[in-house]
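Structural description and commentary
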Amino acid sequence: MANTPSAKKAARKIARRTAINKTRKSRVRTFVKQVEAAIAAGDRTKATEALRAAEPELMRAAQKGVLHANTASRKVSRLSARVKALPA
């Protein structure tokens with residue numbers, strides 16, 4: 001366990017940061033799951049709307065350092081390709 005005051009403060013900061021990052025990551029997963037569900041249902045309009053909501057969430061997570069920028073871009077790219085492949 002931390003002994004010095006600075007180490008104790010660092011531990012507190014890390015705990016706060018971890019909680020925030022967990023929330024952000026969970027939020028991203030929820031948005032991606034909504035897109036996945038709409039794709040599975042075959043509903044293109046719903047999938048498009050869900051993707052429009054998920055894309056900024058993924059990019060925000062990348063900007064905040066929760067996800068790597070390339071990971072977020074890859075996820076958006078693959079989801080949009082799958083949505084585009086759905087019948088109109």
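Given the structure is predicted, the values throughout are model-derived calculations rather than measurements.

Attention shifts here to the overall build of the chain. Scanning the chain from N- to C-terminus turns up three helices and zero strands. The C-alpha atoms of the chain give a radius of gyration of 17 Å, which is well past the 12 Å a tight globule of 88 residues would have. Based on the C-alpha atoms only, the size of the chain along its principal axes is roughly 60 × 20 × 15 Å. For the chain, the residues scored as buried account for 25% of the 88 residues in total. Contacts in the chain between residues at least 24 apart in sequence constitute 59% of all its contacts with a sequence separation of at least 6.

Here the focus is the pattern of salt bridges. Close approach of charged atoms allows side chains with opposite charge to pair. Scanning all chains against the criterion turns up three salt bridges. Two residues, Arg-27 and Glu-57, come together in a salt bridge whose shortest N-O distance is 2.8 Å. Taken together, the residues span a long stretch of sequence, with Arg-27 in helix 1 (residues 5–41) and Glu-57 in helix 2 (residues 44–63) at a distance of 30 residues. Residues Glu-57 and Arg-60 are paired through a salt bridge, measuring 3.1 Å at the closest nitrogen-oxygen approach.

Another point: the nonpolar core. Judged by nonpolar contacts, the single largest core of 20 residues is most densely connected at Val-35, Ile-39 and Leu-58. When contributions to this core are tallied by element, the ones reaching two or more residues are helix 1, helix 2 and helix 3 (69–85). Tallying contributions element by element places helix 2 first for this core, with seven residues.

A few words on the environment of Val-35. When you line up the elements, Val-35 lands in helix 1. Each C-alpha atom, one on Val-35 and one on Ser-80, is 9.5 Å from the other, the two residues being 45 residues apart in sequence. Val-35 has contacts with Ala-47, Ala-50, Leu-51, Ala-54, Leu-79 and Val-83, leaving out every residue within four places of it along the chain.

A cluster of basic residues, Lys-8, Lys-9, Arg-12, Lys-13, Arg-16, Arg-17 and Lys-64, forms a positive patch on the protein surface. With respect to the helices and strands, Arg-12 occurs in helix 1.

Quick notes on the rules
Residues numbered from 1 in each chain as written. Predicted model: local features only at pLDDT ≥ 70, side-chain atom pairs only at ≥ 80, totals over all residues. Heavy atoms only, no water. Helix = DSSP H or I, 4+ residues; strand = E, 2+ residues; numbered from the N terminus. Rg over C-alpha atoms; globule rule 2.2 N^0.38 Å. Buried < 20%, exposed > 50% of the residue type's maximum accessible area, 1.4 Å probe, protein only. Contact = heavy atoms within 4.5 Å. Salt bridge = Lys/Arg side-chain N within 4 Å of Asp/Glu carboxyl O. Core = buried A, V, L, I, M, F, W, Y, C linked by side-chain atoms within 4.5 Å. Patch = residues over 30% accessible without salt bridge, like charges linked within 9 Å, V, L, I, M, F, W, Y side chains within 5 Å. Areas by Shrake-Rupley, 256 points an atom, 1.4 Å probe, with all protein chains shown as cover. Lys, Arg positive; Asp, Glu negative; His and termini not counted. Charge placed at Lys NZ, Arg CZ, Asp CG, Glu CD.

What is shown is where atoms sit, not what they do.
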